[in-house]
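The residues making up each chain are set out below.
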Amino acid sequence: MQELSEQEVVRREALQKLIDLGIDPYPAALFPVNILAKDVKEQFTEGKEMKDVVLAGRMMSSRVMGKASFAELQDASGRIQIYIARDEICPGEDKTLYNEVFKKLLDRGDFIGIKGYVFKTQVGETSIHVQELTLLSKSLKPLPVVKTDAEGVVHDAVSDAEFRYRQRYVDLVVNPGTKEVFKKRTKLYSVFRDYFNEHEILEVETPILQAIPGGAAARPFMTHHNALDIPLYMRVANELYLKRLIVGGFDGVYEFAKDFRNEGMDRTHNPEFTVMEIYVAYKDYNWMMDFTEKLLEKACIALNGTTEIEYGQHKVSFKAPFPRVPMLDAIKEHTGVDITGMGVDELRKVCKDLGVPTEDSMGKGKLIDELFGEKCEGNYIQPTFITDYPVEMSPLTKKHRSKEGLVERFELMICGKEIANAYSELNDPLEQRERFEEQMQLADNGDDEAMMIDQDFLRALEYGMPPTSGMGIGMDRLAMMLTNQHSIQDILFFPQMRPEKKAEKKVELNETEKLIFGILSKNSPMDLNDLKERSGLSGKQWDKGIKGLASHGLTKVTKTDAGLMVEANN
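The structure displayed is predicted, hence computed values, not measured ones. (Residues numbered from 1 in each chain as written. Predicted model: local features only at pLDDT ≥ 70, side-chain atom pairs only at ≥ 80, totals over all residues. Heavy atoms only, no water.)

**Q** Looking at this model, I keep getting lost on a nonpolar patch on the surface. Mind explaining?
**A** Residues Y169, F493 and F494 make up a contiguous nonpolar surface patch of roughly 380 Å² in combined accessible area. Residue placement: F494 occurs in the loop between α15 (475-482) and α16 (511-523). Relative accessible area serves as the criterion here: at 61%, F494 is assigned to the exposed category. (Patch = residues over 30% accessible without salt bridge, like charges linked within 9 Å, V, L, I, M, F, W, Y side chains within 5 Å. Areas by Shrake-Rupley, 256 points an atom, 1.4 Å probe, with all protein chains shown as cover. Salt bridge = Lys/Arg side-chain N within 4 Å of Asp/Glu carboxyl O. Helix = DSSP H or I, 4+ residues; strand = E, 2+ residues; numbered from the N terminus. Buried < 20%, exposed > 50% of the residue type's maximum accessible area, 1.4 Å probe, protein only.)

**Q** Honestly, the nonpolar core in this entry has me stumped. Any pointers?
**A** Where a protein is soluble and globular, its nonpolar side chains tend to be buried together. Core analysis: the biggest nonpolar cluster contains 46 residues, and L188, F192, F196, M276, I278 and I473 have the highest contact counts within it. In terms of residue count, helix α9 (residues 285-304) provides more of this core than any other element does, nine residues in total. Every residue in contact with M276, bar those within four places of it in the chain, is listed here: F192, F196, Y254, E255, F256, M471, G472, I473 and M475. Membership of the second largest hydrophobic core comes to 29 residues, among which are I84, I89, V101 and L135. (Core = buried A, V, L, I, M, F, W, Y, C linked by side-chain atoms within 4.5 Å. Contact = heavy atoms within 4.5 Å.)

**Q** Looking at this structure, how should I read the environment of A28?
**A** Relative to the elements of secondary structure, A28 occurs in the loop between α1 (6-20) and α2 (37-43). For A28 and K67, which are 39 residues apart along the polypeptide, the C-alpha to C-alpha distance reads 30 Å.

**Q** Is there a simple way to explain a negative patch on the surface in this structure?
**A** There is a patch of like negative charges on the surface, built from D428, E434, E437 and E438. Following the sequence through the fold, D428 ends up in the loop between β17 (417-424) and α13 (429-444). (Lys, Arg positive; Asp, Glu negative; His and termini not counted. Charge placed at Lys NZ, Arg CZ, Asp CG, Glu CD.)

**Q** Honestly, the sheet that holds strand β20 (residues 555-560) in this entry has me stumped. Any pointers?
**A** Through backbone hydrogen bonds, the strands of a sheet pair up, either in parallel or in antiparallel fashion. Spatially, three strands are ordered β19-β21-β20 in an open sheet, and the strand pairing comes out antiparallel. If you trace the sheet from one side to the other, it starts and ends with β19 (526-527) and β20, each paired once. Pairing of β20 with strand β21 (residues 563-568), which is carried by six bridges, proceeds in the antiparallel orientation. Bridging across to β21, T558 finds its partner in M565. Against the sheet, α16 contacts β19, β20 and β21, and its axis sits at roughly 95° relative to β21. (Pairing = 2+ DSSP bridges. Axes fitted to C-alpha atoms, helices over the stretch in contact; angles between N-to-C directions.)

In structure tokens, the structure reads:
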């Protein structure tokens, strides 16, 4: 049975009274809105007549003063004050609409429609004098109360992350800043599309359910197709399908793709995420770097009016051009070790000497990746292209034209995180087959993220693929940075979350998790950066530890004016 609060009971009683009065609380007819609140405020000036304006939205407050009242209406564009006089909306003998419906049966959060004319109050506030009032939808649950001053500044926004992420629909209503973040995210996609369309690159769609989860080294979600009686995978990347289209004769294609990876969750990872992938024929990774930095500069200006942004404690400039640093040079700079030409055993010893955690299943590529991630990644705050990766790290990339053992690849690092990944694409079908077979050997050695062999993709390459450059951009991470949000949940309308009701279970922590939780449990809540510093852990160890605690449901991160605060969920 559904348990109702006192307010919910009262609202249901009001609902029944409305029905008893012959008023449909959920009418089906079109309501002829002809203007938004924001447009009224922008267009109205003293001496100008604005009659017969029709608006609709939620009633967010009301101040009843006898025969006349003020209320606040919120639509998609913002809020505006409305003035309701009893004899204006009830010109005849029957005053029920005002005395009973408006004063007693309407609540904060109800959708109403109004028609009237615009005027300014004695204190100069643009308002609407209501001549007609219509109930459009009765709200049965009360909204959280958020105080807003005369300038529209919110002083006590609903900040509980658990509530905001689970009930995003309420978060959008009561926290104006939330809606602005998602508007910017939508604008970001529009800027990308406009830029690509200007270059005559075609937007396409490729399969989400795939027989082979190819195009990236990641653990997939698996399902079963009953009619075909075959296993299928949710795509981890759309790369191999987009390359098939280049084989088919398109000179440029791109897709905003929902990808799925059955891996951990933390502040920058969600199992369902959005990647933009683009492939352009007759180009290389040098061209793609030029293309990318101009694209991101354009996007930053479109969203924020400048190339300079603040992301947490960092000031970041998206002004092109971006620095370009070869990966092995980066490792040498930040570790003092030149790993050029090293084999697996030598690399494993270097990792051990530098305190970089490894696993027995890791090959040369994974070891280098861990080394870079632990010792180098976090140093790149300003947008920087890390270029020329070892061949073992990049099974889909063309070998470097002049540097033995390397490939023509770059990753764009911003604030210590990978934002984009791009290649001069491997188009030699025989070499591609060898690279896939090397990946299968890694899988046999226990690497559950190694790529499978996609025989149909190899067949496509054998028909011939022109020289091509491709790139993927993590749209969620980029949106986080351009809107100064520090959790991926804040830029996803409906992020994945644990079930609200879950059985208690014993949690076994590893040593890193125990260290972090031990500090936090004695000092909860505390600043997230302070916790990281006090743990004394390296970047990768910290990320794995805090991510593990989050996956166990033992931590909660809240954004405050002072920064990101974390507290222990005992």
